[in-house]
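Coordinate inspection notes
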Amino acid sequence: MKKIYTRPASLKEAHFHYCPGCGHGIINRLIAEVIDEMGLRGKAICVAPAGCGMLVYNYFDIDTLESAHGRGAAVATGIKRVRPDNLVFSYQGDGDLAAIGTAEGFHAANRGELITVIFVNNGVYGMTGGQMAPTTLKEQITTTTPSGRNPVSAGHPVRVCEVFSVLDGTSYLERVAVNSPSGIKKTKKAIAKAFQHQINRTGFSLVEILSPCPTNWKMSPIESFRWIDEVMTKQFPLGVIKEVKC
Amino acid sequence: MITVKIDDERCKGCSLCVEFCPKGALSISDRLNMKGYFVVSFADEKECTGCATCALICPDVAIEVFKN
């Protein structure tokens, strides 16, 4: 039988713990596919976050280190500096990168560390029960903003790619979404391109992925996919935010 | 002849594959898996063109597609 689509070799046999319809599973698979296709299985090192994605070491069949909450970029910096020939990427959520890990992510980007950050943006703190994150949209209802996020008291949604784009150390920043077959294909290309920037040593690369969280958005999986298109992309426009010639 | 292999124990019944299949060849069955989800079944084999959109969209890597 000819294979049309099979499980990537860099993904272990373990079952995902994610909720039904969660975007993390798609993103984990895409990263494993890119690692397989670029022949990086023996060279890639992942830094796992705190949050829903923290168990990625159970899924990726590559070396993975767990970092303290938000310190993914700092840990990845250390690994990359002592092992410059390895491909080092951190897998971080919005609570991890844009809240508690702002300083580490921002300054790693500013120093132009040769690492890649896979930034999963679902607009809430997923693992702890759907509290407001820095990326929560205006008027969005969460457990800590029961009447909707009010920018006067709770601030505005943070656009991480745009913030990082003004830093000279960054070389590739793209925002994609995994809410459609075409979006998933674009996400895979973006991850491959970010890894290529690291391999070519052009600078810090980050792929921001808008990812559905049906459980905490209180929606069905298909409603959450549509909500990304209809609402989330208005605040977080998709596309390449910055690309330095690779 | 296309074979869509669905791993019942990985499936969480999110029905994204059912929604995105351009030919409507998949449907949610009345079969429960060990996790307690109603799993997807490959119902209409004749309609399937092997585009693998179901495998692409599946968040749990429960679907594999083969061509005989």
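Note that this is a predicted model, so its numbers are computed, not measured.

Further remarks concern the sheet that holds strand β9 (residues 204-210) of chain A. Residues and elements named next belong to chain A. Strand order across the open sheet formed by seven strands is β3-β2-β4-β5-β9-β8-β10, with mixed pairing between neighbours. Edge strands, defined here as strands with exactly one partner in the open sheet, are β3 (63-66) and β10 (239-243). Strand-to-strand twist across the sheet, computed as the mean angle between neighbouring axes with direction ignored, equals 15°. Bridge count for strand β5 (residues 116-121) against β9 is six bridges, and the pairing is parallel. Following the sheet pairing, V117 is matched in β9 by L206.

In this section: unusual backbone geometry. Residue E139 of chain A is not a glycine yet carries a positive backbone phi of 70°. With respect to the helices and strands, the residue E139 of chain A is situated in the loop between β7 (131-132) and α5 (151-154).

In helix packing, the relevant descriptors are the interaxial angle and the interaxial distance, both defined with respect to the helix axes. Residues and elements named next belong to chain A. It is at 9 Å that the axes of helix α1 (residues 23-37) and helix α7 (residues 181-199) come closest, and there the two elements cross at 50°. Accordingly, the angle class assigned to the pair α1 and α7 is oblique. Every pair of crossing elements has a handedness; the one defined by α1 and α7 is right-handed. Between α1 and α7, the residues in contact are I26, L30, I31, E33 and V34 and I184, T187, K188, I191, A192 and F195, respectively.

On to the sheet that holds strand β1 (residues 2-5) of chain A, then. The strand order across the open sheet built from three strands is β1(A)-β4(B)-β1(B), with neighbouring strands paired in antiparallel fashion. A strand with exactly one partner marks an edge of an open sheet, and here the two such strands are β1 of chain A together with β1 (2-6) of chain B. Averaged over all pairs of adjacent strands, the angle between strand axes in this sheet comes to 30°, irrespective of strand direction. Taken together, the three bridges between β1 of chain A and strand β4 (residues 63-67) of chain B define a ladder with antiparallel strand orientation. Across the sheet, residue K3 of chain A finds its bridge partner in β4 of chain B, namely F66 of chain B.

To continue, consider the interface of chain A and chain B. On the side of chain B, 24 residues touch chain A, which itself brings 22 residues to the contact. Elements supplying a minimum of two residues to the side of chain A that touches chain B: β1, α1, α7 and α9 (221-235) of chain A. The class makeup of the residues in the side of chain A that touches chain B is 13 nonpolar, five polar and four charged.

Cut-off values and rules
- Residues numbered from 1 in each chain as written.
- Chains lettered and ligands numbered in written order.
- Predicted model: local features only at pLDDT ≥ 70, side-chain atom pairs only at ≥ 80, totals over all residues.
- Pairing = 2+ DSSP bridges.
- Helix = DSSP H or I, 4+ residues; strand = E, 2+ residues; numbered from the N terminus.
- Axes fitted to C-alpha atoms, helices over the stretch in contact; angles between N-to-C directions.
- Parallel < 35°, antiparallel > 145°, perpendicular 65-115°, else oblique.
- Left-handed = near helix turned anticlockwise from the far one by under 90°.
- Contact = placed C-beta atoms within 7 Å.
- Nonpolar A, V, L, I, M, F, W, Y, C, P; charged D, E, K, R; others polar.

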